[in-house]
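# Reading the structure
Listed below, chain by chain, are the residues.
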Amino acid sequence: MLYPVLKDMNNWLDNDFDDMLDTSWMPRMNFTAPAINVKENDKDYEIELAAPGTTKDDFKVNVDKDGCLTIKMEHKDDKKDENKKEHYLRREFSYSNYEQALMLPDDVDRNSINAKVDNGVLHITLPRTHQAEKETKRIEVA
């Protein structure tokens, strides 16, 4: 992967996941993105996305041929209790929608990615392969 040396004046250090987690394009008014953690070790990367109250049916996770991981979450709270005589004057808790696209590093085994939801946290495990060796290679200029 190619990364810019200096992305902006406030970011002097480069990181493999900086481009994956760039949320500067999102409108800041009336929008809160779920908290996201990215961890790595020798055998895999793990993405954790906090989405309380969600179930596995609320998520769609895809990887395209270019290595872009897309996480889509749509949660509708249509619970109605016919026994209660409640009338909402204002209701803002009924619907949430989120989408995030992440560019995967070259050393991810795309065929072995798995995802699960546990207690309102989406866990995505991205196993690493050892095929993408990072070594310097001299390229002859013709």
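A brief look at the structure comes next.

## Concerning the side chain of Asp-44
Along the chain, Asp-44 turns up in strand S2 (residues 44-50). The side chain of Asp-44 sits in the buried core without any salt bridge; Lys-43 is the nearest counter-charge, 4.9 Å away. Among residues more than four places away in sequence, those in contact with Asp-44 are Lys-39, Thr-125, Leu-126, Pro-127 and Arg-128.

## So, the pairing of strand S3 (residues 59-63)
Pairing analysis gives five bridges linking S3 to strand S4 (residues 68-76), with the strands arranged antiparallel. Bridged to Val-63 within S4 is Leu-69. Counting the residues between successive antiparallel strands, the hairpin from S3 to S4 contains four residues, one of them, Gly-67, with a positive phi of roughly 85°.

## A word on the nonpolar core
Ranked by size, the top nonpolar core spans 15 residues in total, and within it Phe-59, Leu-69, Ile-71, Ile-124 and Leu-126 carry the most contacts. Elements represented by at least two residues in this core include exactly S2, S4, strand S5 (95-103) and strand S7 (121-127). Once residues within four sequence positions are removed from consideration, Leu-126 is found in contact with Asp-44, Tyr-45, Ile-47, Leu-104, Val-108 and Ile-113.

## As for the sheet that holds S7
The sheet built from four strands is open, its strands ordered S1-S2-S7-S6 with antiparallel pairing. Edge strands, defined here as strands with exactly one partner in the open sheet, are strand S1 (36-40) and strand S6 (114-118). When strand polarity is set aside, the average angle formed by the axes of neighbouring strands in this sheet is 15°. Strand direction decides the pairing type here: S6 and S7, joined by five bridges, are antiparallel.

## Notes on the environment of Asp-42
Here Asp-42 is to be found in the loop between S1 and S2. Residues Asp-42 and Thr-129 lie 87 residues apart in sequence; the distance between their C-alpha atoms is 9.7 Å. The residues touching Asp-42, leaving out its near neighbours within four places in the chain, are Arg-128 and His-130.

Here is what the cut-offs are and how they apply
- Residues numbered from 1 in each chain as written.
- Predicted model: local features only at pLDDT ≥ 70, side-chain atom pairs only at ≥ 80, totals over all residues.
- Heavy atoms only, no water.
- Helix = DSSP H or I, 4+ residues; strand = E, 2+ residues; numbered from the N terminus.
- Buried < 20%, exposed > 50% of the residue type's maximum accessible area, 1.4 Å probe, protein only.
- Lys, Arg positive; Asp, Glu negative; His and termini not counted.
- Salt bridge = Lys/Arg side-chain N within 4 Å of Asp/Glu carboxyl O.
- Contact = heavy atoms within 4.5 Å.
- Pairing = 2+ DSSP bridges.
- Core = buried A, V, L, I, M, F, W, Y, C linked by side-chain atoms within 4.5 Å.
- Axes fitted to C-alpha atoms, helices over the stretch in contact; angles between N-to-C directions.

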